[in-house]
Amino acid sequence: MSRGRWLGAAALVALAIAPWALARHQLSILTDLLIFGLFALSLDLLMGYTGMVSFGHAAYFGLGAYGSALVLIHFGQPIPVALLAGAVLAGVTAIPVGWFSTRAKDIYFAMLTLAFAQLLYTVAYKWRDLTGGSDGIAGVPKTTLFWGGPSLASGPAFYAVVAVAVVVSLFVCRAIVASPFGRALQAIRENERRFLALGRDPRPFKLAVFVIAAVFAGLAGALFAPFRGFASPEVMFWVLSGQGLMMVITGGIGTLVGPIVGAMVFILIQEILSSYTEHWMIFTGAIFVLMVIFLPGGLVGTARRLAARA
Amino acid sequence: MSLAIVVEQLLNALALAGLLFLVSAGLSLVFGILRVVNFAHGVFYMLGAYFGFSVVATTGWFWPSLLIVPPVVGLVGAMLEASTLRFIYRRPPIYQLLLTFGIALILEESVRVLYGPTAKGVDPPPLLQGAIEIAGTLYPRYRLFLVLLGLAVGATVWLLLTRTRTGLVIRAVAQNSEMADCLGADVARVRTLVFGAACALAGLGGVAAAPMTTAYLGMGISVIVDAFVVVVIGGLGSIPGSMAGSLIVGAAQTWGAFYLPETAMVIMYAVMGAILIFRPWGLFGEEE
């Protein structure tokens, strides 16, 4: 086994024993980290593997959160049903948005995704009857694993659901990028014009990966709502989209595992800074600026390069 | 519907377009010359509004703030360009966008530290207070001033770019920076200069906006999203495009807010979507 595989196996073992090894609040933080790790992972499919930088990815996280919150509050369905509802809502919304946005490239694409995300944010903010406006939806319950099945209300039980969802998503995404479809995405990233010259139309591929990324972001949001017990417009705001980009860059663009690591490091830095100062954003901003200038490969990318050299 | 309402709505649209132009022109200029989409551009607009508030609050005069604040904001911008962006022009565009995002976070939070979370109101100067009668309707003078300011700045920028030697060099760098470098243009200096000038324009927009909107946290992001829509419609890198885009967005927002208040935002995006279907690179942009 290669060093990478050993590390991966060790990480899986660590996740598996975490409920016994960690204190309650630590486990809760880990659950949070994993949820945002999944969000960053989904963004890496777009950024790292297709070269499409979305500045509005939080919208799909938010849609997932609202979808799952509504299903849980109004219908009291089991968690997997809520996860499915959130992921589907995000994916379906991404179809028209993606159809428009993928007409444009690069910076135009980034700006279009931001504009559509702000639009969705406004809808969530204004549609008080459904979304509760700026108050959002509170008291989202952690229901059961299946109809009549065990309750997921305890910290370790919900952690298990999140950990399984994130690990499965990681493996699915790895399979996607290794598939012929994934190869095509990387070909588009490397040289879209040549892809076109070879007689393939890049747009259906871009639309497909946009929707897939939205589904995974929606899944992350759908986990977030019952975990935190609420869904509010903040989870759709541009700040989260920007933080997603930061997580991907911090961890390492185009590595899938990197964004998960990046999300964890990023949130932990924030937690630590915010316990010292109310104005932690200045310092996160500064750290991020320095990372962009000096560590373009991110943590995982740089670590891999060093490992290859050693 | 009476003529008075039509005139009033038209003037409102023009006043909004004037402000949007001050912001989007700089955004477009920076993209045209530096190939960077400056996410922090809106924050410079906010800096302008807050600095304007400081000048008016300490001296009590509005007019000097229009002259003092833009160069200060421009200087802040130029210094940030020279200390961070300068080093990563050779990277893929996303890194520059992300870098400016980091800068936006730092500046936004710094303003919160300096000025606190509450919005700051600025009084317009006595000359621009009150209303004047146009086509049988009373119209606020300050908004007329915004229309004129937008036009004056638009004309100045256009003349500078097309009629002066500096403008010639700037356009040369925009067209082919390596060739301009070979021919002896100081490309790095041109970039810093343009970045600073664009930030100064945004700062001017902020100073001018404050009496109408107050200076508040978050005004930067709300204006940058509108400005993105403007440049997407008009075409990045084109000053006439920014002007056309500002007018279209100003009109869509004003009429949308008047007839269908709940859906004003939707109308703006619908217009943008419609234009992009036919011209994905914007009305005045060039296909890349």
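Since we're looking at a predicted model, the values are computed, not measured.

Check the secondary structure of chain A and you find 14 helices and two strands. Expected size for 310 residues packed as a compact globule is a radius of gyration near 19 Å; at 19 Å, chain A falls within 12% of this value. Counting across all 310 residues of chain A, residues that qualify as buried make up 48%. Put simply, 77% of the contacts in chain A that link residues at least 6 apart link residues at least 24 apart.

Turning our eyes to something else, we now look at the interface of chain B and chain A. Taken together, the 33 residues of chain B in the interface contact 32 residues of chain A. If you list the elements that add at least two residues to the side of chain B that touches chain A, you get α4 (93-115), α9 (219-234) and α11 (264-278) of chain B. In terms of residue count, α4(B) provides more of the side of chain B that touches chain A than any other element does, 14 residues in total. For the side of chain B that touches chain A, the class distribution of residues is 26 nonpolar, four polar and three charged.

As a further point, take the environment of T213(B). Residues and elements named next belong to chain B. Along the chain, T213 falls in helix α8 (residues 187-213). For T213, a count of 17 C-beta atoms within 10 Å puts it in the partly exposed group. Through-space distance from the C-alpha of T213 to that of L97 is 27 Å; in sequence the pair is 116 residues apart.

Residue position: I170(B) is located in helix α6 (residues 165-175). With near-sequence residues (within four places) excluded, I170(B) lies in contact with I33(B), L161(B), V190(B) and V194(B).

Glancing now at the environment of Y259(B). In this fold, Y259(B) is placed in helix α10 (residues 239-259). Taking C-alpha positions, Y259(B) is 35 Å from F31(B), a pair spaced 228 residues apart along the chain.

Before going further, it helps to examine the packing of helix α5 (residues 141-163) of chain B against α8(B). If you want to describe how two helices pack, look at the angle between their axes and the distance between the axes. Residues and elements named next belong to chain B. For the pair α5 and α8, interaxial distance at closest approach is 10 Å and the crossing angle is 170°. Here α5 lies roughly antiparallel to α8, going by the angle between them. Residues Y142, L146, L149 and V153 of α5 pack against L201, A208, P211 and M212 of α8. When the residues that make up the contact of α5 with α8 are grouped by side-chain class, the tally is eight nonpolar, no polar and no charged.

With that settled, consider the pairing of strand β2 (residues 137-140) of chain B. Working note: regular strand, side chains alternate between the two faces of the sheet. All names here are of chain B. Here four bridges tie strand β1 (residues 131-134) to β2, and the two strands are oriented antiparallel to one another. Following the sheet pairing, E133 is matched in β2 by L138. Taking the residues between adjacent antiparallel strands as the criterion, β1 and β2 are bridged by two residues, where A135 takes a positive phi near 45°.

A separate point is the confidence of the model for chain B. Taken over all residues, the pLDDT of chain B has a mean of 87, while the share at 70 or more is 98%. Across the interfaces of the predicted complex, the ipTM metric reaches 0.82, alongside a pTM of 0.85.

Here we take up α9(B). An α-helical segment advances 3.6 residues per turn. Residues three or four places apart therefore align on the same side. Residues and elements named next belong to chain B. Here α9 spans 22 Å end to end across 16 residues, near enough to the 22 Å set by a 1.5 Å rise per residue. In terms of burial, α9 is a largely internal element, 15 of the 16 residues being buried. Directly beyond the C-terminal end of α9, a positive phi value near 105° is found at G235.

Another point: the packing of helix α1 (residues 3-34) of chain B against α8(B). All names here are of chain B. Their axes nearest at 8 Å, the elements α1 and α8 cross at an angle of 170°. Taken together, α1 and α8 sit at an angle that is classed as roughly antiparallel. Each of L19, L22, V23, A25, G26, L29, V30, I33 and L34 in α1 lies in contact with α8, whose residues at this interface are R191, V194, F195, A198, C199, L201, A202, L204, G205, A208 and A209. By residue class, the composition of the contact of α1 with α8 is 17 nonpolar, two polar and one charged.

Cut-offs used in this document
- Residues numbered from 1 in each chain as written.
- Chains lettered and ligands numbered in written order.
- Predicted model: local features only at pLDDT ≥ 70, side-chain atom pairs only at ≥ 80, totals over all residues.
- Helix = DSSP H or I, 4+ residues; strand = E, 2+ residues; numbered from the N terminus.
- Rg over C-alpha atoms; globule rule 2.2 N^0.38 Å.
- Buried ≥ 20, exposed ≤ 12 C-beta atoms within 10 Å, placed from the backbone.
- Contact = placed C-beta atoms within 7 Å.
- Nonpolar A, V, L, I, M, F, W, Y, C, P; charged D, E, K, R; others polar.
- Axes fitted to C-alpha atoms, helices over the stretch in contact; angles between N-to-C directions.
- Parallel < 35°, antiparallel > 145°, perpendicular 65-115°, else oblique.
- Pairing = 2+ DSSP bridges.
- pLDDT = per-residue confidence, 0-100.
- Expected span 1.5 Å × (residues − 1).

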